[in-house]
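Each chain is listed here by its residues.
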Amino acid sequence: MRKELIWAAAASALLAGCQEGSRQYADESVDVELMEAAPAAPVMDAAASAPAGPNSGAAPVVAPSIAPSIAYAYRFGLELPAEAATSLMAKHEQACIAAGPAACQVIGSNSRRVGRDSVEAHLEMRGTPAYVARFRAALDGEAKGAGGRVAEQAVESEDLTRQLVDTEARMRAMETLRDRLQQLLATRSGPLEQLLQVERELARVQGELDATRSALAVMRTRVQTSKLDVSYRAAGQLAPDSAARPVVDALNSASYAFMSSLGVLILFIASVLPILLVGVPLIWLLWRWRRTERARKAAEAARKKKAEGEPSA
């Protein structure tokens, strides 16, 4: 039993070292339906890739090539009239929902309107390659039909081939260690303390195995689906200016200047009002005190003069 525990501890330490040397990859925007719909990535057989020995007498086996596992992300920027921006975003959102979670999922959407003609909207989705291809093919026509255009488009990619292979190898090692620990528990030999130690190690390995499976499913789904990032912008009317546009602009400028001046006046009054409320009473009290003092001094001077002018007894 002690040898089995030593073997399990050594395998666990080796597995922990492998986990420290590898990174965990996750994408919170991947949903469960897409994870279940994504097929497993191809795995290279370790026995098939091992080179033949010099005395085996057989030709060396060539390791099968692994297809690259690349995750794509598409970004589009549309310039549209103000009213068409939000309506086109709602149309794309409804189309994604109608396609079903196995083909497309809406990750998030938001819109913001500033004034009458300025609108900013954003839609984030994740879809299968077939859905992404249909979306890209129809996007230019939809933008032109709404009176706008596709002003920006970009494609980003990330190669997850090595991460997938490393994660699959780590998961197989963890499964081997878990099976060995389960076999140790099934024998029911050894002191109770050792059995409890094996149970704790088994629980830890099973938790790490579940986390690795989830990370592997997320990476596979990122390869099987693509991220769509669409921005809808409207900074003003895209139609030509009319003959009355200069007059309208002048009236808008005049009203803006009037309201700006009124705002400055309100701010000035709001700034000076506390000073007036405190300063005016103080100035009035000071003026009244000085007036009283002058009157008192004048009365004293008059009495003094009168006393000096009277004849002595």
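Cut-offs used in this document
Residues numbered from 1 in each chain as written. Predicted model: local features only at pLDDT ≥ 70, side-chain atom pairs only at ≥ 80, totals over all residues. Heavy atoms only, no water. Disulfide = S-S within 2.5 Å. Buried < 20%, exposed > 50% of the residue type's maximum accessible area, 1.4 Å probe, protein only. Core = buried A, V, L, I, M, F, W, Y, C linked by side-chain atoms within 4.5 Å. Helix = DSSP H or I, 4+ residues; strand = E, 2+ residues; numbered from the N terminus. Polar contact = N/O pair within 3.5 Å; in protein donor to acceptor, adjacent residues only side chain to side chain. Contact = heavy atoms within 4.5 Å. Pairing = 2+ DSSP bridges. Salt bridge = Lys/Arg side-chain N within 4 Å of Asp/Glu carboxyl O.

Undergrad: Explanation requested: the state of the cysteines in the structure shown.
TA: Scanning the model with the defined rule gives 1 disulfide in all. Each sulfur of the disulfide joining Cys-96 and Cys-104 lies 1.9 Å from the other. An S-S torsion of about -100° defines the bridge between Cys-96 and Cys-104 as left-handed. Assigned by exposure class, Cys-96 and Cys-104 land together as buried.

Undergrad: Where do I start with the nonpolar core in this structure?
TA: The nonpolar side chains of soluble globular proteins are, as a tendency, buried together. By size, the foremost hydrophobic cluster in this structure holds 25 residues, and its most contacted members are Leu-78, Leu-80, Met-125 and Tyr-232. Contributing elements (two or more residues each) for this core: β1 (70-79), α4 (82-99), β3 (118-127), α5 (129-145) and β5 (226-234). Among the elements that line this core, the one with the most residues is α4, at 6 residues.

Undergrad: Would you mind going over the side chain of His-92 with me for this structure?
TA: Mapped onto the elements of the fold, His-92 is located in helix α4. A polar contact is formed between the side chain of His-92 and the side chain of Glu-142, at a distance of 2.6 Å. Once residues within four sequence positions are removed from consideration, His-92 is found in contact with Leu-123, Met-125, Tyr-131, Phe-135, Leu-139, Glu-142 and Tyr-232.

Undergrad: How should the pairing of β3 be read in this particular structure?
TA: Within a regular strand, side chains alternate between the sheet's two faces. Across the 10 residues that make up β3, a large majority, 7, are buried. Bridge analysis of strand β2 (residues 104-114) against β3 gives 10 bridges, and the strand direction is antiparallel. Bridge pairing in β3 links Val-106 to Met-125. Here β3 runs beside β5; their pairing, made up of 9 bridges, is antiparallel. Residue pairing in the sheet places His-122 in a bridge with Ser-231 of β5.

Undergrad: Would you mind showing me how to read the pattern of salt bridges here?
TA: A side chain of one charge can pair with a side chain of the opposite charge when the charged atoms of the two come close. Evaluated as defined, the whole model comprises 17 salt bridges. The salt bridge involving Glu-175 is made with Arg-213; its shortest N-O contact spans 3.3 Å. Here Glu-175, found in helix α6 (residues 161-187), pairs with Arg-213, found in helix α7 (residues 192-224); they are 38 residues apart in sequence, far enough to count as distant. With relative accessibility at 35%, the residue Arg-213 sits in the partly exposed group. Of the charged contacts, one joins Arg-296 and Glu-300 as a salt bridge, the two residues approaching to 2.9 Å between their closest N and O atoms.

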